[in-house]
Amino acid sequence: MSAIRYDIAIRVDALDCSSLRAVLDSDGGSYLIVKELEDTNPHFHCYLRSARKLPAVRAALKRAMPELNGNGSYSVSLCRDVERYLRYMLKGESVSEMPEVVAANGLEYQSDEWQKAQHDAYWAENVEIGRRRKLMPVAEAVLAACKEKNLKWDDRDAIAEMYIRELVARDKAVNLFSVRSNVSLLQCKLCPDDTAIKLLAGHCVNY
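About the criteria used
- Residues numbered from 1 in each chain as written.
- Predicted model: local features only at pLDDT ≥ 70, side-chain atom pairs only at ≥ 80, totals over all residues.
- Heavy atoms only, no water.
- Helix = DSSP H or I, 4+ residues; strand = E, 2+ residues; numbered from the N terminus.
- Buried < 20%, exposed > 50% of the residue type's maximum accessible area, 1.4 Å probe, protein only.
- Contact = heavy atoms within 4.5 Å.
- Areas by Shrake-Rupley, 256 points an atom, 1.4 Å probe, with all protein chains shown as cover.
- Lys, Arg positive; Asp, Glu negative; His and termini not counted.
- Charge placed at Lys NZ, Arg CZ, Asp CG, Glu CD.
- Salt bridge = Lys/Arg side-chain N within 4 Å of Asp/Glu carboxyl O.
- Pairing = 2+ DSSP bridges.
- Axes fitted to C-alpha atoms, helices over the stretch in contact; angles between N-to-C directions.
- Core = buried A, V, L, I, M, F, W, Y, C linked by side-chain atoms within 4.5 Å.
- Phe/Tyr/Trp six-rings, centres within 6.5 Å; stacked < 30°, edge-to-face > 60°.

Caption draft 1: Here's a closer look at the overall build of the protein chain. In terms of helices and strands, the protein chain carries 9 helices and 5 strands. The linear arrangement of helices and strands in the protein chain, starting from the amino end, is β-α-β-β-α-β-α-β-α-α-α-α-α-α. By principal-axis analysis of the C-alpha atoms, the protein chain measures approximately 55 × 40 × 40 Å. Taking all 207 residues of the protein chain together, 38% fall into the buried category. The contacts of the protein chain with a sequence gap of at least 6 include a subset with a gap of at least 24, amounting to 66%. Total accessible area on the protein chain is roughly 12800 Å²; 52% of this is exposed by carbon and sulfur atoms. On the protein chain, the mean spot of the 29 positive side-chain charges and the mean spot of the 30 negative ones are 6 Å from each other.

So, in structure tokens, the structure goes:
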């Protein structure tokens, strides 16, 4: 009977991935590491197929990189859709620019041909998603985009920016009152419990 393997997604904000790579090498599982946004917000995305459970991988990463403080500097989570996550990792900055793969363990992940196929598949899917979203109402399209980017419900500035960008992309007027109203609705829909609704209700009562 084969051992259970866990698909793990890792993101680390850092300039250098040597400590991250050391953790993955010691794990023994196959992995892929890609560097993004070197000039603005340098970070690494990683996929690891490990025999160890998530808490053990997270603990190993913390031991190797004690500078990680948990405030947005790193994340370790189970990867629910491996194929989609790998396509996302290999998207690069644009359809014509391949990603910066800094380390890979596993014949498939080391293959330039495979990496190019994932890159091309991401952008083909991205075009199709964009086409479908143009047919959606603005708020519905923005909600889908917020979920895809894992925006937190209380990050009102980021949600508002996403909404305004969608309006601009559709050549629609930017009505600030309408934007505020729709951002409040989106926050309520993104919030996993009643917290956003209760905060909004409290604001209305005290207005």
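Caption draft 2: Summary view of the side chain of Gln118. Within the secondary structure, Gln118 sits in helix α5 (residues 112-134). Using a relative accessible area of 14% as the deciding quantity, one classes Gln118 as buried. With sequence-adjacent residues up to four places away left out, Gln118 is seen in contact with Leu86, Arg87 and Leu90.

Caption draft 3: A look at the pattern of salt bridges. Counted by the stated rule, this structure contains 8 salt bridges. Among the salt bridges present, the one from Arg49 reaches Asp7, with a minimum N-O distance of 2.7 Å. Pair noted here: Arg49 is in strand β3 (residues 43-50) and Asp7 is in strand β1 (residues 6-13), with a separation of 42 residues, a long-range link. Its relative accessible area of 19% is what places Asp7 among the buried residues. Arg170 is the salt-bridge partner of Glu166, the closest N and O atoms lying 2.8 Å from each other. Arg170 matches Glu166 in its accessibility class, with the two residues each being buried.

Caption draft 4: Here's a closer look at the sheet that holds strand β5 (residues 100-105). If you trace the 5 strands from one edge of the open sheet to the other, you get β4-β1-β3-β2-β5, paired in antiparallel fashion. Whereas interior strands pair on both sides, the edge strands pair on one side only; in this sheet they are β4 (74-78) and β5. Going from strand to strand, the sheet's axes swing by 15° on average, the running direction of each strand aside. Of the strand pairs in this sheet, β1 and β4 are connected by 5 bridges, and their pairing is antiparallel. Counted as the bridge partner of Val12 is Tyr74 from β4.

Caption draft 5: Structural context of the side chain of Arg87. Secondary-structure assignment places Arg87 in helix α3 (residues 82-89). On the basis of relative accessible area, Arg87 is assigned to the buried category, the value being 17%. Setting aside chain neighbours within four positions, we find Arg87 in contact with Gln118, Ala121, Tyr122 and Glu125.

Caption draft 6: The nonpolar core, seen in detail. Core analysis: the biggest nonpolar cluster contains 22 residues, and Ile10, Val12, Leu20, Leu24, Ile33, Leu61 and Val76 have the highest contact counts within it. For this core, the secondary structure elements donating two or more residues are β1, α1 (18-27), β2 (30-36), β3, α2 (54-64) and β4. Ranked by residues supplied to this core, first place goes to α2 with 4 residues. Ignoring any residue separated from it by four or fewer positions in sequence, one finds Val12 in contact with His43, Phe44, Leu61, Met65, Leu68, Ser73 and Tyr74. The next biggest cluster of nonpolar side chains, apart from the first, holds 14 residues, and it includes Val142, Leu143, Ala145 and Ile159.

Caption draft 7: Broad picture of the packing of aromatic side chains. The final tally for this structure, using the stated rule, is 4 aromatic pairs. Ring centres of Tyr47 and Tyr109 lie 6.0 Å apart, and the angle between their planes is 80°; this geometry places the pair in the edge-to-face category. You can see Tyr47 sitting in strand β3 and its partner Tyr109 sitting in helix α4 (residues 107-110), a full 62 residues away along the chain. Side by side, Tyr47 and Tyr109 carry an identical accessibility label, which is buried. Ring pairs connect the aromatic residues Tyr47, Tyr109 and Trp114, which therefore count as one cluster.

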